[in-house]
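Observations on the model geometry
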Amino acid sequence: MEISLKALGLVPGRGTSMDQSEMEREAIKLQEDLKFYFMNPCEKYRARRQIPWKLVIQVLKIVMVTTQLILFGLSNQLVVSFKEENTMAFKHLFIKGYTGVDEDDYCRTVYTQEDLYQSIFYVIDRYRQIGNLSLGTISYKEKKKSLKICKQQYHRGSIHPSNDTFHIDPTVDTECLHLEPELSANSLPRDSLINNSFFNLEFYRLIKVEISFRLKGIDLQTIRVRELPDCYTFHNKIIFNNEAHSGKMKIFFDSDATIQDCKDWHIVGSIQKTTRYTLVFDGFVILTCLVSLILCTRSIVLAIKLQRRFAQFFLKRYNRRVCSADRLEFINGWYIIIIISDLMTIIGSVMKMEIKAKNLTSYDVCSLLLGTSTLLVWVGVIRYLGYFQKYNVLILTMQASFPKVLRFCCCAGMIYLGYTFCGWIVLGPYHEK
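What counts, and where the lines are drawn
- All residue numbers refer to positions counted from 1 along the written sequence of the respective chain.
- In view of the model being predicted, local features appear only for residues whose pLDDT reaches at least 70, and side-chain atom pairs are presented and counted only at 80 or more, with totals across whole chains, interfaces and linings using the full set of residues.
- Based on all heavy atoms of the structure, the side-chain values leave hydrogens and waters out of the count.
- Put simply, DSSP H or I for four residues or longer makes a helix, DSSP E for two residues or longer makes a strand, and each gets a number counted from the N terminus.
- To sort residues, take the accessible area from a 1.4 Å probe on protein chains only and compare it with the maximum for the residue type: under 20% means buried, over 50% means exposed, and anything in between is partly exposed.
- Here a residue-residue contact requires only that any non-hydrogen atoms of the pair lie within 4.5 Å.
- UniProt positions are given in the numbering used here, feature names are shortened, and annotations may be inferred rather than shown by experiment.
- Any pair of cysteine sulfurs within 2.5 Å is marked as a disulfide.
- Whenever Lys or Arg places a side-chain nitrogen within 4 Å of a carboxyl oxygen from Asp or Glu, that contact is recorded as a salt bridge.
- Should DSSP find at least two bridges between two strands, the strands are taken to pair.
- Pairing of aromatic side chains requires ring centres within 6.5 Å, counting the rings of Phe and Tyr and the six-membered ring of Trp. Pairs whose planes differ by under 30 degrees are stacked, by over 60 edge-to-face, and all others tilted.
- pLDDT expresses, on a scale from 0 to 100, how confident the predictor is about each individual residue.

Moving on, we come to the side chain of Asn-86. In this fold, Asn-86 is placed in helix α4 (residues 53-94). According to the relative accessible area criterion, Asn-86 is buried, its value standing at 11%. Beyond its immediate chain neighbours, meaning those up to four positions away, Asn-86 contacts Ile-138 and Phe-234.

Here it is as structure tokens:
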């Protein structure tokens, strides 16, 4: 940016109380500082042979942060795949007649009372024999009251569809039954369960039957990539939903997995050494981001000082205040983005190190921090593309058109929302698709 005394309004000699020569020296010094501040790193290097440390750090940080994200993503991929594969295995194990494909947002449907009873007792039988059936490293969470069956039904009522009469008390009663896991398949008290009054279901009052149980497992596949295994607790829930009372009962399956620290483990090999190497690399990432954070914060502080210096000079010279738009020219938005990215990377890297050392299990929070920080780092590259003329024209065009694009989206969004609501009520509830 070419800055001159005339362009800045710093031409001396117009009704000032300051000494003429002192005013000129201050104006020239301020002009040089402003000109140098608005230079890009290449121009600063040619002007004063000053090494652009922030540029070097940003390039290095892009490589390190991206590498860190890829390594964490590959590790997190094993966690996600283990959860998904166990969920699919549980559906095949506990849902009678499951074909491997969900019918809709539910797994399967039953249409007769016999099918419902068979499906409920099928879950109980499978749960008690899980140690002899499952191919995975699955075991019980605890020995007593591990499986809970709850039924929800209306308090009382009577329904007579033949003469179009009914009487319902909408108060919902919930009754639960706890069953202890039996490890022996031959000791299943199946007859006692069938004769239990709990399973005398009155279907005109029945809202839903919910079976919940917890299982534990260990993810051993991480050993292949030289990582310590994780211990999981699976909170499984099977719901037989009869809210519609339409003769079609939907079966839902939900599995929520939580990662816990393994209490006692011992692994022979070089896995711990690989873990230390990864922790050292994460430490270098934190150090690099800390240096970047210090340099960018220093640049913003110096910019604020230069802004105040310019504002004071302008006030003394012309007795006028610098407008807010001109003050904002001194604040480099790219530095703010870099500072936010550095803070998120440092926090995410610390969490990643704790996860690697099996002191934390917050994969989702760590993924959010590292992913967002990497996004901001790559967005910051656009700043350096602006140093080239052709790319700078494109960036300036995007900056100028962005407000107009937002206004267009607001107008188009109103039309779209109106069409959506109208189309939903006119076509949606009555369409036969």
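Turning our attention to the UniProt feature "transmembrane region" (unreviewed entry) in the protein. The feature "transmembrane region" (unreviewed entry), as given by UniProt, occupies residues 284-306, 327-347, 367-385 and 405-427 in the numbering adopted here. The annotated region residues 327-347 carries 81% helix and 0% strand content, and the separation between its end C-alpha atoms amounts to 32 Å. Secondary structure content for residues 405-427 is 96% helix and 0% strand, while the C-alpha to C-alpha distance between its ends is 31 Å.

Time to look at the state of the cysteines. Taken as a whole, this structure holds one disulfide when the rule is applied. Cys-150 shares a disulfide with Cys-176; S-S distance 2.0 Å. Linking Cys-150 and Cys-176, the disulfide has an S-S dihedral of approximately 105 degrees and is accordingly described as right-handed. Placement of the pair is Cys-150 in strand β3 (residues 147-160) and Cys-176 in strand β4 (residues 165-179), with a sequence separation of 26 residues. Assessed through its relative accessible area of 37%, Cys-176 is described here as partly exposed.

With that out of the way, let us pick up the pattern of salt bridges. Counted according to the given criterion, the structure contains seven salt bridges. Of the charged contacts, one joins Glu-175 and Lys-151 as a salt bridge, the two residues approaching to 3.9 Å between their closest N and O atoms. Here Lys-151 lies in strand β3 and Glu-175 lies in strand β4, a separation of 24 residues in the sequence. By sharing partners, the salt bridges in this structure join Lys-208, Glu-210 and Lys-237 into a single network.

When strand β1 (residues 108-110) meets strand β7 (residues 249-260), the two strands line up antiparallel, connected through three bridges. Residue pairing in the sheet places Thr-109 in a bridge with Lys-250 of β7. Bridging between strand β6 (residues 230-241) and β7 involves eleven bridges; their strand directions are antiparallel. Bridge assignment links Asn-241 to a residue of β7, and that residue is Lys-250.

We now examine the packing of aromatic side chains. This model, assessed by the stated rule, comprises twelve aromatic pairs. Taking the centre distance of 5.9 Å and the plane angle of 75 degrees together, the rings of Tyr-106 and Phe-252 count as edge-to-face. Of this pair, Tyr-106 sits in the loop between α4 and β1 while Phe-252 sits in strand β7; the two residues are 146 residues apart in sequence, bridging distant segments of the chain. Its relative accessible area of 7% is what places Tyr-106 among the buried residues. Exposure remark for Phe-252: the relative accessible area of 22% places this residue in the partly exposed category. Relative to Tyr-140, the ring of Tyr-127 lies with its centre 5.0 Å away and its plane at 70 degrees, an arrangement referred to as edge-to-face.

With that out of the way, let us pick up the confidence of the model for the protein. A residue-level look at the protein finds 84% of positions with pLDDT of 70 or above and a mean pLDDT of 80. Of all helices and strands in the protein, the one with the weakest mean pLDDT is helix α1 (residues 5-8) (47), whereas β1 scores best (90). Confidence drops under a pLDDT of 50 for residues 1-7, and excluding neighbours within four residues, the segment shows 15 contacts in the predicted structure. Contacts of residues 9-18 to residues separated by more than four positions or lying in other chains number 19 contacts, the stretch itself having pLDDT below 50.

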